[in-house]
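Examination of the molecular architecture
As a plain string of letters, each chain reads:
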Amino acid sequence: MKLNVNGKVAVITGGSRGLGLNCAEVLVKNGAKSVYITSRKQQAVNESVEFLKGVAKQYNPSCKVVGIASDVSNGEGVKKFAQQVASQEDKVDILIANAGASWGAPLMKHPESAFDKVMDLNVKGVFLTIQAFYPLLKKAGTVDYSSRVLIMGSITGIKPDAMDGGTYGYTASKAGVMHLGKCLALELGPQNINVNLLAPGFFPTKMSNGLLEKIGDTFVQNNPKKRLGRQEDIESVVLFFCAKESDYINGAVIPIDGGAHVGDAPKSSKTVAIILSINDLVISVDVCSPGNVVVRLWRRGRHW
Ligand SMILES: NC(=O)c1ccc[n+]([C@@H]2O[C@H](COP(=O)([O-])OP(=O)(O)OC[C@H]3O[C@@H](n4cnc5c(N)ncnc54)[C@H](OP(=O)(O)O)[C@@H]3O)[C@@H](O)[C@H]2O)c1
């Protein structure tokens, strides 16, 4: 089965870099008719459009790539963006509400303005974006292919201890927007518009780089897949959720995190008791994983 989005019109907020650009790239590569991206900075939008046009030239020469600079954290910016898309398209098949921001500060130093900024973009902005594109999404949805809304949530919206560095507003925003998405899936599903939620773990991007520098190694060690997310991890899920093969999936939350939302990988063995220790020769009881206990004979600094 070869998945595709042939002939589809796609819109991606925050498409100028990071995961949003990955989403745009996979749709351009796999048959989209037009791909619209937005972010606040005109120059960044222009550079990403040039990059995506290069991808289109190689994989999908008839694909139209358009960049519109806009701030989607407020009604005015969202409306301006949606109007410009509506002036060029009579329907939108795929909307990826991806633009997001984060802020980390200790509890007693966490500014109200930062909390507001994060909530405005990550929750209110997502709601306003879906609201503004609803008429175009409704025109695209049919019984054979429901139009698609993908909301970029986060593992932090599922697993409270995934929060680090005092990202209070961010964690709350991701839990909130994922709940919002489920409510919209119920309301819009009967109108042939599917709403699904992606919950990435850690992917190296501008947003996550600061945190990764601090806790990246620990995160990789604890992750059941022992690595960070890669571009292809996000791309394959996005392509599936935009292709007609996923038409019956609505209201789903898809963690893309190597299994980190379930828990940490078992630590490598830990000594829980020393039975005998003579000079540097030791017999110990070690736990390798829950329920997996071994007795080991070892010389200090060396195991057998
Ligand atoms: N990277 C991760 O590990 C990770 C994990 C879980 C979830 N996520 C989520 O994935 C999404 C993308 O994150 P990322 O890591 O790719 O972040 P990123 O590299 O910082 O990219 C964010 C994008 O959103 C745009 N943006 C920011 N504020 C905007 C606004 N007010 N209006 C319009 N566009 C705006 C940015 O461009 P401008 O600055 O030019 O506006 C940029 O294109 C976010 O929702 C994030 O919460 C990321």
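Structure: see above.
Residues numbered from 1 in each chain as written. Predicted model: local features only at pLDDT ≥ 70, side-chain atom pairs only at ≥ 80, totals over all residues. Heavy atoms only, no water.

Structural notes on the sheet that holds strand 7 (residues 253-256)
Spatial strand order, 3-2-1-4-5-6-7: seven strands in an open sheet with parallel pairing. Every interior strand has two partners, whereas the edge strands, strand 3 (64-69) and strand 7, have only one. Across the sheet, the mean angle separating the axes of adjacent strands is 15 degrees when strand polarity is ignored. Seen against the sheet, helix 1 (residues 18-29) touches strand 1 (9-13), strand 2 (34-39), strand 3, strand 4 (94-97), strand 5 (147-152) and strand 6 (193-200) and runs at an angle of roughly 170 degrees to strand 1. Strands strand 4, strand 5, strand 6 and strand 7 of the sheet are contacted by helix 7 (residues 231-242), whose axis makes an angle of about 150 degrees with strand 5. (Pairing = 2+ DSSP bridges. Helix = DSSP H or I, 4+ residues; strand = E, 2+ residues; numbered from the N terminus. Axes fitted to C-alpha atoms, helices over the stretch in contact; angles between N-to-C directions. Contact = heavy atoms within 4.5 Å.)

Some thoughts on a positive patch on the surface
Taken together, the side chains of Arg-17, Arg-40, Lys-41, Lys-117 and Lys-206 define a basic patch exposed on the protein surface. Tracing the chain through its elements places Lys-117 in helix 4 (residues 112-140). Judged by its relative accessible area of 46%, Lys-117 falls in the partly exposed class. (Patch = residues over 30% accessible without salt bridge, like charges linked within 9 Å, V, L, I, M, F, W, Y side chains within 5 Å. Areas by Shrake-Rupley, 256 points an atom, 1.4 Å probe, with all protein chains shown as cover. Salt bridge = Lys/Arg side-chain N within 4 Å of Asp/Glu carboxyl O. Lys, Arg positive; Asp, Glu negative; His and termini not counted. Charge placed at Lys NZ, Arg CZ, Asp CG, Glu CD. Buried < 20%, exposed > 50% of the residue type's maximum accessible area, 1.4 Å probe, protein only.)

Points about the packing of aromatic side chains
Under the definition given, this model contains three aromatic pairs. With centroids separated by 4.7 Å and ring planes inclined at 85 degrees, the aromatic side chains of Phe-202 and Phe-219 adopt a geometry described as edge-to-face. Of this pair, Phe-202 sits in the loop between strand 6 and helix 6 (206-222) while Phe-219 sits in helix 6, and the two are 17 residues apart along the sequence. Under the relative-accessibility criterion, Phe-219 is labelled buried at 15%. (Phe/Tyr/Trp six-rings, centres within 6.5 Å; stacked < 30°, edge-to-face > 60°.)

A look at the environment of Ser-246
Along the polypeptide, Ser-246 turns up in the loop between helix 7 and strand 7. With a relative accessible area of 1%, Ser-246 lands in the buried category. A C-alpha to C-alpha distance of 9.4 Å links Ser-246 and Ser-146, two positions 100 residues apart in sequence. A distance of 2.7 Å separates the side chain of Ser-246 from the backbone oxygen of Phe-240, its partner in a polar contact. Only 3.1 Å separates the side chain of Ser-246 from the backbone oxygen of Ala-243, close enough to count as a polar contact. (Polar contact = N/O pair within 3.5 Å; in protein donor to acceptor, adjacent residues only side chain to side chain.)

Looking at helix 1
With 12 residues, helix 1 ought to run about 16 Å at 1.5 Å a step, and its terminal C-alpha atoms sit 17 Å apart, in line with that. By the criterion of burial, helix 1 is predominantly enclosed, with 10 of the 12 residues buried. Listed in full, the buried residues belonging to helix 1 are Leu-19, Gly-20, Leu-21, Asn-22, Cys-23, Ala-24, Glu-25, Val-26, Leu-27 and Val-28. After helix 1 finishes, the residue Gly-31 shows a positive phi value of roughly 105 degrees. (Expected span 1.5 Å × (residues − 1).)

A look at the nonpolar core
General note: in soluble globular proteins, nonpolar side chains tend to be found buried as a group. Ile-12, Leu-27, Val-28, Val-35, Ile-94, Ile-96 and Val-238 are the most contacted members of the largest nonpolar core, which totals 37 residues. When contributions to this core are tallied by element, the ones reaching two or more residues are strand 1, helix 1, strand 2, helix 2 (42-59), strand 3, strand 4, strand 5 and helix 7. Take this core: its biggest share by element is seven residues, from helix 1. Discounting residues that sit within four places of it in the chain, Val-35 has contacts with Ala-10, Ile-12, Ala-24, Leu-27, Val-28, Cys-63, Lys-64, Val-65 and Val-66. With 35 residues, the next largest nonpolar core counts Phe-81, Ala-97, Phe-133 and Leu-180 among its residues. (Core = buried A, V, L, I, M, F, W, Y, C linked by side-chain atoms within 4.5 Å.)

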